[in-house]
Amino acid sequence: LQACVAAAAGSTDPVAAAADYRRACAGGHQSACAALADKLEAGEGVERDVNQARDLRQTACDAGIGDACRALALALDDDEAAVAMIADSCDDGDGASCFTLGRWYDDGPKSGRVKTDWFKAAGFYDKACVQEHARACVELAHMYFKGRGVSSDVRRARELVEHACRAEDNEG
């Protein structure tokens, strides 16, 4: 199954990629199901089917695939449900979900989901940074530099930027 996922990820042929993801998904590889959902939603290499995409994402989310949970939450019209779903994914260790919540609370009304709460934003950025999410470390550094949601601490801001550099190096 991992070979199907690798073949799909490296394929320049969208039809072949979708077929490889479908094989891996049918074999229970939930990350492949999430990737297939993206293809189905976009109609890339397969006929567009948003309902099947949603169902595949739900199954992948139930299996703990953070990308699938985030995509489901972003599609929800119910802001409270979206925040709760992404918070669950964050609590399960998905740094990108923690970053998303941090961004929402940092942006407040611009996010269209929550009110500005810099204290919560800093907390979610911190959780994401611990998960090696480099952009979250940089955003948290800005908050320390400006004293938003946290006490102003230029030394801590510098440490976070350095951590972000190392996290980016680890990503490749």
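Residues numbered from 1 in each chain as written. Predicted model: local features only at pLDDT ≥ 70, side-chain atom pairs only at ≥ 80, totals over all residues. Heavy atoms only, no water.

## Section: helix α4 (residues 50-62)
Okay, so step 1: Taking 1.5 Å per residue, 13 residues should reach 18 Å; α4 reaches 18 Å between its end C-alpha atoms and fits that length.
Okay, so step 2: What α4 keeps buried is the set A53, L56, R57, A60 and C61. The buried side chains of α4 occupy one side of the element, clustering within an arc of 135° when seen end-on.
Okay, so step 3: Buried residues in α4 make contact with α2 (14-26), α3 (30-42) and α5 (66-75).
Okay, so step 4: Where α4 ends, the next residue or the one after it, G64, has phi of about 95°, a positive value. (Helix = DSSP H or I, 4+ residues; strand = E, 2+ residues; numbered from the N terminus. Expected span 1.5 Å × (residues − 1). Buried < 20%, exposed > 50% of the residue type's maximum accessible area, 1.4 Å probe, protein only. Arc of directions from axis to C-beta. Contact = heavy atoms within 4.5 Å.)

## Things to note about the packing of aromatic side chains
Okay, so step 1: Inspection of every chain in the model, using the stated rule, returns two aromatic pairs.
Okay, so step 2: Ring geometry for F99 and Y125: centres 5.8 Å apart, planes at 35°, overall tilted. Separated by 26 residues along the polypeptide, F99 in helix α7 (residues 95-107) and Y125 in helix α8 (residues 118-130) bring together distant segments of the chain.
Okay, so step 3: On the basis of relative accessibility, which here comes to 0%, the residue Y125 falls in the buried class.
Okay, so step 4: Seen in terms of ring centroids, Y105 and F124 are 5.9 Å apart; in terms of plane orientation they differ by 10°. Their pairing is stacked. Placement of the pair is Y105 in helix α7 and F124 in helix α8, with a sequence separation of 19 residues. One exposure class covers both Y105 and F124, and it is buried. (Phe/Tyr/Trp six-rings, centres within 6.5 Å; stacked < 30°, edge-to-face > 60°.)

## Observations concerning the side chain of E139
Okay, so step 1: Position of E139 among the secondary structure elements: in helix α9 (residues 134-146).
Okay, so step 2: Sequence-distant contacts of E139, defined by excluding residues within four places in its chain, comprise F99, R103, D106 and Y125.

## Examining the environment of A87
Okay, so step 1: Relative to the helices and strands, A87 resides in helix α6 (residues 79-91).
Okay, so step 2: Remark: the alpha-carbon pair of A87 and T100, spanning 13 residues in sequence, is separated by 9.3 Å.

## Side note on the state of the cysteines
Okay, so step 1: This model, assessed by the stated rule, comprises four disulfides.
Okay, so step 2: For C61, the disulfide goes to C69, at an S-S distance of 2.1 Å. Taking the torsion about the S-S bond as the criterion, the C61 to C69 disulfide, at about 105°, is right-handed. There is no split in this pair, since C61 and C69 are both buried.
Okay, so step 3: Along the protein, the cysteines that take part in disulfide bonds pair up as 1-2, 3-4, 5-6, 7-8, counted in sequence order.
Okay, so step 4: Sulfur of C165: no disulfide; nearest cysteine sulfur belongs to C137 and is 10 Å away. (Disulfide = S-S within 2.5 Å.)

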